[in-house]
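Observations on chain architecture
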Amino acid sequence: MNFYLTQGNEKHIISGRIPLYQGRDINRVLYISGVALRLAKSHNSVPWEIANAIAFHIADNCGEALIVQIVAPGLIHIELTHDLLADWLQSVAVGESKSSLNFIGIKSPLPDKGERVKSHNPSRLFSIQYAHARCYSLILLAHREGLIELQEPLSTSSESWHLGSLVVTEALPWLNSDDRQLRLHHLAESHLIMQLVKAVDELECAEDAGSVNWEKIGWDLSQAFEAFWCQCRIWGEVKTNSPELAQARLGLIMATQSVLRFLLIVKLGATAPVEL
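Here goes a summary of the coordinates provided. Residue numbers here run from 1 along each chain, matching the order of that chain's written sequence. Only residues with pLDDT of 70 or above have their local features reported here, since the model is predicted, and side-chain atom pairs are shown and tallied only from 80 upward, although totals for entire chains, interfaces and linings are computed over all residues. The side-chain figures draw on all heavy atoms in the structure; neither hydrogens nor water molecules are used.

1. Some remarks on the overall build of the chain
Helix and strand assignments come from DSSP, with helices taken as H or I runs of at least 4 residues and strands as E runs of at least 2, each series counted from the N terminus. Secondary structure assignment for the chain yields eight helices and six strands. Seen in sequence order, the chain has helices and strands lined up from the N terminus as β-β-β-β-α-α-β-β-α-α-α-α-α-α. Think of it in three bands: with a 1.4 Å probe and only protein chains considered, a residue is buried below 20% of the maximum accessible area for its type, exposed above 50%, and partly exposed in between. Going through the 276 residues of the chain one by one, you find that 47% of them count as buried. We call two residues contacting when some pair of their heavy atoms lies within 4.5 Å. Sequence separation of at least 24 residues holds for 63% of the intrachain contacts in the chain that already meet a minimum separation of 6. Note on areas: Shrake-Rupley with a 1.4 Å probe; residue coverage comes only from the protein chains shown. Summed over its atoms, the accessible surface of the chain is roughly 14,000 Å², and 49% of this surface lies on carbon and sulfur atoms.

Okay, here's the thing in structure tokens:
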């Protein structure tokens, strides 16, 4: 990350990795950085002034995609807008990177032998594989019933299946049309979204991927999916009365399946079954 830091009449270019910490508010995707506090010591400056310079740079480059605030004594809060979060969810769901941030879409993976874990907790691994298979079957069912339309029918053969098949013909209705707010605001939905963000953040930004406990990340994601599936219905009354909500929830399932498959094959060196 590079940005200009103004001090008097001089401009300094600050380069390097800027640590961000995810906020604990489950109702929004928030990142917090204390970089201004760190720079204030080395530049003999006021943290608030440095934080404002950084915030201005972020706002100037990202426009309305991010909400940036300064919190005393100089912490920088960066929140994703619902529009950006919807774009990110869509990109992860279909395996393409479309967001303006340095997040990733999960594309068809190849096993990363260098990062494979030699042994797994059988119970946890099964939970991850079960969640993946469950996601897959739900996506197949939704495709058959016309809730979502994919570019090509999905094969039930794990050998011929590839992630590129999961491409909807239109963007999913993540946002309400009236106020541009995310439709997914149930506690279980928000928790699953947060687990997806954490998993993809680790996949993209981990400084030492070999030290990351990928099994725990996959297990946490699988448990969040199970809670979501128990509490957030798609068929029946929801499908009839709120089809857009049903489609948005299916999109969340597609994103979950996409990330779980990547974790299973690439990070855990395991199979990603489509049925159990």
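2. Section: the pattern of salt bridges
A pairing counts as a salt bridge when a side-chain nitrogen of Lys or Arg comes within 4 Å of a carboxyl oxygen of Asp or Glu. Applying the stated criterion across every chain yields a total of six salt bridges. Ionic pairing is found between Glu-145 and Lys-239, a salt bridge with its closest N-O pair at 3.0 Å. With Glu-145 in helix α4 (residues 122-145) and Lys-239 in helix α7 (residues 237-241), this pair connects stretches of sequence that are 94 residues apart. Look at Glu-145 and you get partly exposed, because its relative accessible area is 37%. Note on Lys-239: relative accessible area 28%, which makes it partly exposed. The partner of Lys-216 in a salt bridge is Asp-220, with the nearest N and O atoms 2.8 Å apart. On the criterion of helical spacing, the pair formed by Lys-216 and Asp-220 is a turn pair, its members being four residues apart in helix α6 (residues 214-231). Assessed through its relative accessible area of 39%, Lys-216 is described here as partly exposed.

3. Some points on the pairing of strand β4 (residues 30-33)
At least two bridges found by DSSP between two strands are what make those strands a pair. Where strand β3 (residues 21-22) and β4 come together, two bridges link them in antiparallel fashion. Within β4, the residue paired with Gln-22 across the bridge is Tyr-31. Bridging between β4 and strand β6 (residues 75-80) involves four bridges; their strand directions are antiparallel. Note on β6: the bridge partner recorded for Ser-33 is Ile-76.

4. Examining the packing of aromatic side chains
For Phe, Tyr and Trp, rings pair up if their centres lie within 6.5 Å, where Trp contributes its six-membered ring, and each pair is then called stacked (planes under 30 degrees apart), edge-to-face (over 60) or tilted (otherwise). For the structure on display, the rule yields three aromatic pairs. Note on Phe-225 and Phe-228: the rings are 6.4 Å apart at their centroids and 40° apart in plane angle, and the pair reads as tilted. Separated by three residues within a single helix, Phe-225 and Phe-228 lie in helix α6, roughly one turn from each other. Accessibility expressed as a relative area gives 0% for Phe-225, which makes it buried. Lysine and arginine charges are scored as sitting over a ring when NZ or CZ, respectively, is within 6 Å of the ring centre and within 35 degrees of the ring normal. A cation over an aromatic ring shows up here: Arg-124 above the ring of Trp-219, its NZ or CZ 4.4 Å from the ring centre. Seen from the ring of Trp-229, Arg-233 lies directly overhead, with NZ or CZ sitting 6.0 Å from the centre.

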